Amino acid sequence: MKTLLLLAASALALTACQRPAALKAKLECPPTEGSLTRVSAAADGQSCVYRESDGAQITLTRMPVKGDAVATLATLEAELKTLGGSPVAASADTTAAPGAAAEAARVEAEARADAKIDAAIDPAVGEADEGRPRIQAKVDTETGEEHTQVDLPGLHIKAEGDKANVQVGPIHIKADGDSSTATIKMYRDVRMRGEALSREKRGLRATFIYAGDDLTGGYKYLGYEASGPKKGPIVVAVVKSTANSRHDDMYDDVKTLVRRNGGT
């Protein structure tokens, strides 16, 4: 009888762990979050605005998904690029984005942790980019331009002269030596809070950064952090800054707000 009771208790505990967290109909916007201070909040609870210590503005919003989440976020990216003075896809020297390397390392670690969970749930699931390592480099004899391609687990680089496309896990960086701006994108499928043992990843986390000295309107940094169920609504924090400084700590605070409200 004791064994049966223990098994029943274990089953109930597992069911509780699997129960999806209910998403709130309104945003939770505390007065402060780390270096962020709330300056306003909409009466309907669908948006609020924060100010960071160096003057950066963060607008937190519950955003409905139109079509699919990727298309919805792509529209927002286009709006931010236009605001920064580039109506087309911007690309850049990756060193122009403060904290980009650290962000890449953090997200890559999270992605690999997710891959281990997937493999534990379903042994047939492995890391998609765990292919055969390949490094190629050659020089065009006519133009003298270098061509380099690197394919390693979690890292893919294709470079021609000053231009490059870099893939670090789920992070994509476009580089062009003719510009001093940087565009960094990250999109990940994740499990919703309360669904840690589910095989299905119903949620998303996304990051977009557009930074550099070539932006218009006095901006040095534009971007967003997004989280939530793929079917929506998703919680998005749009960041706008005119300060040319590092934003590592601020972005951690932004992520805390977004993920708490987005349920991932």
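We now turn to the structure provided with this report. (Residues numbered from 1 in each chain as written. Predicted model: local features only at pLDDT ≥ 70, side-chain atom pairs only at ≥ 80, totals over all residues. Heavy atoms only, no water.)

## Some remarks on the environment of Ala 243
The line we're drawing: Where helices and strands are cited, they refer to DSSP runs of H or I of at least four residues and of E of at least two residues respectively, numbered from the N terminus. Accessibility here uses a 1.4 Å probe with only protein chains present; expressed as a share of the type maximum, an area under 20% marks a residue as buried, one over 50% as exposed, and anything in between as partly exposed. The contact definition used throughout considers only heavy atoms, calling two residues in contact when any of these lie within 4.5 Å.
Take Ala 243: it is sitting in the loop between strand E13 (234-241) and helix H4 (248-262). On the accessibility criterion, Ala 243 (17% relative accessible area) is buried. Residues Ala 243 and Lys 220, 23 residues apart in the sequence, show an inter-C-alpha distance of 6.0 Å. Apart from the residues lying within four places of it in its own chain, the contact partners of Ala 243 are Asp 54 and Lys 220.

## Examining the environment of Leu 73
Looking at the element boundaries, Leu 73 is found in helix H2 (residues 69-83). Each C-alpha atom, one on Leu 73 and one on Tyr 187, is 9.9 Å from the other, the two residues being 114 residues apart in sequence. What Leu 73 contacts, discounting residues up to four positions off in sequence, is Tyr 187, Leu 204, Ala 206, Tyr 224, Ala 226, Ile 234 and Val 236.

## Quick look at the state of the cysteines
Worth spelling out the cut-off: Cysteine sulfurs are considered disulfide-paired once they come within 2.5 Å of each other.
Scanning the entire structure with this criterion turns up one disulfide. Linked covalently through their sulfurs, Cys 29 and Cys 48 form a disulfide whose S-S length is 2.1 Å. Taking the sign of the torsion about the S-S bond as the criterion, the disulfide between Cys 29 and Cys 48, at about -75°, is left-handed. Of this pair, Cys 29 sits in the loop between helix H1 (2-18) and strand E1 (32-33) while Cys 48 sits in strand E3 (residues 47-52); the two residues are 19 residues apart in sequence, bridging distant segments of the chain. Of the two residues, Cys 29 and Cys 48, both sit in the buried class.

## Things to note about the pairing of E13
The side chains of a regular strand alternate, residue by residue, between the two faces of the sheet. Counted only if it meets this: By definition, two strands form a pair when at least two bridges between them are found by DSSP.
Among the eight residues in E13, seven count as buried, and that is most of the element. Note: strand E12 (residues 221-229) against E13, seven bridges, orientation antiparallel. Residue pairing for E13: Tyr 224 is matched across the bridge by Val 238. What sits between E12 and E13 in their antiparallel hairpin is a turn of four residues, with Gly 232 showing a positive phi close to 85°.

## A closer look at the pairing of E3
Direction of pairing for strand E2 (residues 36-41) relative to E3: antiparallel, over a ladder of five bridges. Pairing of Leu 36 across the sheet is with Glu 52, part of E3. The loop that links E2 with its antiparallel partner E3 comprises five residues; one of these, Gly 45, has a positive phi angle of about 75°. Between the end of E3 and the start of strand E4 (residues 57-63), which pair antiparallel, lie four residues, with Gly 55 showing a positive phi angle near 100°.

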